Amino acid sequence: MPAPSARRLTARKGSKPLEPILKIENLTHTYSAGTPFERRAVDGVNLEVAPGEFLGVIGHTGSGKSTFIQHLNGLLRPTEGRILLEGRDIWAEPKKIRRVRFEVGLVFQYPEHQLFENTVLADVCFGPMNQGLSKEQAQEEAKKALVHVGVKEENFTKSPFELSGGQKKRVAIAGVLAMNPKILILDEPTAVLTPQETEKLFTVLRNMRDQGKSIIIITHKLNEVLALSDRVSVLRKGKYIGTVETKNATAESLTEMMVGEKIDLNIERPDPVNPVKRLVIENLSCVNKEGVKTLKNASMEAYGGEILGIAGIAGSGQKELLEAVAGLQMTESGSVRYITEDGEEKELLSMKPADIKKLGVALSFVPEDRLGMGLVGSMGMTGNMMLRGYNEGRGIFANRKEPKELAEKIVDQLQVSTPSVNTPVSRLSGGNVQKVLVGREISADPTVLMVAYPVRGLDINSSLTIYDLLNEQKKRGVAVICVGEDLDVLLELCDKILVLCGGKITGVVDARKTTKEEIGLLMTKEEEESEA
């Protein structure tokens, strides 16, 4: 049966129909086939990519995107179906599958996964030398690729780990381009980039497309797909839903294809009502085990009845800031004061987490490490609800009915997918673990709620539910502190946004008046000043 998207592909400017450079027929991948745990991650996908085409592939968490792209360059072998590269089945000769990985280049979401040599140039030479080129030939190809993606020659001899997120991403792309692939695949290419770095990357990708390179971008950011691609293909629960021309698509229409129903994408932001100061942080500094300062003289305030967003490139001190407030991070200096309903100030840094709770400080914390710090993986939802009660001094043998009812409420309200509230949470998907943790912390009626990447791994519906829950806390007078990675969401959801760069606070802006570009400049301010 022909693919739903099977049509004669036409050149971008014209006329003559083009044969697809890549054709995917009934691609299916089944994990644990023939066992009780059998699961189809990809189910009957049909796609075509034309020479010189920019194709976006979208889908919410669990839609099969990651499994899908690993088939395209031979990292995974299909359970059923074929992948044709220029009319050739890439698995017709399994011993030659390595060659396909040179022809279909894959750039992973986090560039660190592809960078491991001592210098930028050595990293980019790695692929060409594996293709059989001499060191001199490989260096020539590597230098061309690095220049092409905008890496300055002065950075060739640096360690790739000295570079910014955007520079690392360009080095990773150069490493693939140096092998002269016919198709370039990028998985969540802007995940660690500032808005300015994102725009520079987009310019590089558009130039590559205009020079005839076929590009596939895998992302959950609809604005990026709409800005870059010629066509967009949608996956839902492993199934291929359809492909549309980007010029005829909108964020709303693509969202409906992803989730199967119309969704209101607007995020509510009620105005703060009588905000009250709840936290005062002054000159807070943290040092890691290697003696490196991870937070440098940070000073800020958080108000009950407001949502304070925290933006910054990953590793800028977000984790240390939240954990220090929660009593989970060793500090070098500074002060963290909690202000009670009566206006009394309590210094938190000198106390253990248990002592903070004994004071009656209702401080809820949704950490970045869900199972490492947030939940006990071997316990079910009910047990994890009881664990919080135990930590608060209620005793582990307290009434089990209340935790079970809370677990069932969270399952219902956040649509947690689990066989039972007693199923170990380690068996749940990352998105469902996220829902359990956020639901549990909000249920504790906090006065300060800190959440780190609360919607990471969640689909659109669940993300909007979490935003609604945070807004409910704000309306109750809770001081909500939210570390996020999607600047568009922070701008819609938050009242203020604090920006971190290199462990320093570089600014606090009014979310209603600022722009992504202003935040992006603050996200790199410390790096620019240190280079000056």
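Note that this is a predicted model, so its numbers are computed, not measured.

Chemist: Help me understand the overall build of the chain in this model?
Modeler: Counting its secondary structure elements, the chain contains 18 helices and 22 strands. Burial status across the chain gives 53% buried among its 532 residues. In the chain, 67% of the contacts between residues at least 6 apart in sequence involve partners at least 24 apart.

Chemist: It is not clear to me how the sheet that holds strand β17 (residues 345-347) should be interpreted in this structure. Could you clarify?
Modeler: What links the strands of a sheet is backbone hydrogen bonding, and the strands pair in either a parallel or an antiparallel sense. The sheet built from four strands is open, its strands ordered β14-β13-β16-β17 with antiparallel pairing. At either margin of the open sheet sits one strand with a lone partner, and together these are β14 (293-304) and β17. Taken pair by pair, the neighbouring strands of this sheet meet at an average axis angle of 20 degrees, ignoring direction. Most of the contacts of helix α9 (residues 318-325) go to strand β13 (residues 276-287), to which it runs at about 120 degrees, and overall it touches β13, β14 and β16 (333-339).

Chemist: Explanation requested: the pattern of salt bridges in the structure shown.
Modeler: Side chains carrying opposite charge are able to pair once their charged atoms draw close together. Per the counting criterion, the structure on display carries 31 salt bridges. A salt bridge links R88 to E103; the nearest nitrogen and oxygen atoms lie 2.8 Å apart. Of this pair, R88 sits in strand β7 (residues 88-89) while E103 sits in helix α2 (residues 97-103), placing them 15 residues apart in sequence. A salt bridge links E441 to R440, with the shortest nitrogen-to-oxygen separation between them at 3.0 Å. Side by side, E441 and R440 carry an identical accessibility label, which is buried. Among the ionic contacts, a cluster of salt bridges with common partners joins K23, E25, E48 and R82.

Chemist: What am I meant to see in the nonpolar core here?
Modeler: Looking at soluble globular proteins, one finds that nonpolar side chains tend to be buried together. Residues I58, M381, I466, L470, I497 and I519 are the most contacted members of the largest nonpolar core, which totals 56 residues. Among the elements that make up this core, the one with the highest residue count is helix α15 (residues 460-475) (six residues). When neighbours within four sequence positions are excluded, I519 is seen to be in contact with A311, L487, L491, I497, V499, V509 and T514.

Chemist: Is there a simple way to think about the pairing of strand β6 (residues 80-85) in this case?
Modeler: Within a regular beta strand, the side chains point alternately toward one face of the sheet and then the other, so they alternate between its two faces. Two strands pair when backbone bridges link them, and strand β3 (residues 22-31) and β6 are joined in this way by five bridges, in the antiparallel orientation. Residue pairing across strands places E25 opposite R82, the latter belonging to β6. Summarising the sheet, β6 and β7 pair through two bridges and their orientation is antiparallel. Bridge pairing links L84 to D89 in β7. Hairpin connection from β6 to β7: two residues lie between these consecutive antiparallel strands, with E86 at a positive phi of about 55 degrees.

Chemist: In this structure, what is going on with the environment of R77? I would like to understand it.
Modeler: Mapped onto the elements, R77 comes out in the loop between α1 (65-72) and β6. Overall, R77 belongs to the partly exposed group, its relative accessible area being 45%. Not counting the four nearest positions on each side in its chain, R77 is found in contact with H29, H71, W91 and P94.

Chemist: Can you walk me through α9 in this structure?
Modeler: Helical geometry note: an α-helix holds 3.6 residues per turn, so side chains three or four residues apart project in the same direction. Burial of α9 is extensive: seven of the eight residues sit out of reach of the surface. Listed in full, the buried residues belonging to α9 are Q318, E320, L321, L322, E323, A324 and V325. Where α9 terminates, the next one or two residues include G327, which has phi positive at roughly 80 degrees.

Chemist: How should unusual backbone geometry be read in this particular structure?
Modeler: The general pattern is negative phi for most residues beyond glycine and trans for most peptide bonds. A positive phi angle, near 50 degrees, is found at N26, a position not held by glycine. Residue position: N26 is located in strand β3. N26 gets classed as partly exposed once you look at its relative accessible area, which sits at 36%. Of note, the phi angle at E188 is positive, near 45 degrees, even though the residue is not glycine. Structurally, E188 is set in the loop between β9 (183-187) and α6 (195-210).

Chemist: How should I be thinking about the side chain of S463 in this particular structure?
Modeler: Tracing the backbone shows S463 in helix α15. Taking relative accessible area as the criterion, S463 reaches 9% and is therefore assigned buried. Setting aside chain neighbours within four positions, we find S463 in contact with V455 and L458.

Chemist: Explain the packing of aromatic side chains here, please?
Modeler: Working definition: an aromatic ring pair is given by the centre-to-centre distance plus the angle between the planes. Counted under the stated rule, the structure contains one aromatic pair. Residues F116 and F126 carry aromatic rings whose centres are separated by 5.0 Å and whose planes lie at 90 degrees to one another, so their mutual orientation is edge-to-face. Taken together, the residues F116 in the loop between β8 (104-107) and α3 (120-130) and F126 in helix α3 connect sequence positions 10 residues apart. Owing to a relative accessible area of 47%, F116 belongs among the partly exposed residues under this scheme.

Chemist: When you look at the side chain of E103 in this model, what are you seeing that I'm missing?
Modeler: Looking at E103, the relative accessible area reads 11%, which means it is buried. Discounting residues that sit within four places of it in the chain, E103 has contacts with L85, R88, P181, K182 and I183.

Chemist: Help me understand the pairing of β9 in this model?
Modeler: Within β9, five of the five residues are buried, which leaves the element mostly enclosed by the surrounding structure. Inspection of the sheet shows β8 paired to β9 by four bridges, in the parallel sense. In the strand pairing of β9, V107 is matched with L186. Inspection of the sheet shows β9 paired to strand β10 (residues 214-218) by five bridges, in the parallel sense. Bridging across to β10, L186 finds its partner in I217.

Chemist: Mind showing me how you'd approach the confidence of the model for the chain here?
Modeler: If pLDDT is low for a region, its predicted coordinates should not be looked at in detail. When pLDDT is averaged along the chain, the result is 85; 89% of the residues meet or exceed 70. At the low end of the mean pLDDT range in the chain sits strand β1 (residues 9-10), at 48; at the high end sits strand β15 (residues 307-311), at 97. Taken together, the stretch residues 393-397 has pLDDT below 50 and engages in six contacts with residues farther than four places along the chain or on a different chain.

Chemist: Explain α15 here, please?
Modeler: An ideal rise of 1.5 Å per residue puts 22 Å on 16 residues; α15 measures up with 23 Å between its terminal C-alpha atoms. Taken together, the buried positions of α15 are occupied by I460, S462, S463, L464, I466, Y467, L469, L470, N471, Q473 and K474. G477 occupies a position one or two residues after α15 and carries a positive phi of about 95 degrees.

Chemist: In this structure, what is going on with the environment of E306? I would like to understand it.
Modeler: Position of E306 relative to the elements: it lies in the loop between β14 and β15. Note on E306: relative accessible area 10%, which makes it buried. Remark: the alpha-carbon pair of E306 and P275, spanning 31 residues in sequence, is separated by 6.6 Å. Ignoring sequence-local partners within four residues, the contact set of E306 consists of P272, P275, K474, V478, A479, V480, D495 and K496. A distance of 3.4 Å separates a polar atom in the side chain of E306 from a polar atom in the side chain of K496.

Criteria and thresholds
- Residues numbered from 1 in each chain as written.
- Predicted model: local features only at pLDDT ≥ 70, side-chain atom pairs only at ≥ 80, totals over all residues.
- Heavy atoms only, no water.
- Helix = DSSP H or I, 4+ residues; strand = E, 2+ residues; numbered from the N terminus.
- Buried < 20%, exposed > 50% of the residue type's maximum accessible area, 1.4 Å probe, protein only.
- Contact = heavy atoms within 4.5 Å.
- Pairing = 2+ DSSP bridges.
- Axes fitted to C-alpha atoms, helices over the stretch in contact; angles between N-to-C directions.
- Salt bridge = Lys/Arg side-chain N within 4 Å of Asp/Glu carboxyl O.
- Core = buried A, V, L, I, M, F, W, Y, C linked by side-chain atoms within 4.5 Å.
- Phe/Tyr/Trp six-rings, centres within 6.5 Å; stacked < 30°, edge-to-face > 60°.
- pLDDT = per-residue confidence, 0-100.
- Expected span 1.5 Å × (residues − 1).
- Polar contact = N/O pair within 3.5 Å; in protein donor to acceptor, adjacent residues only side chain to side chain.

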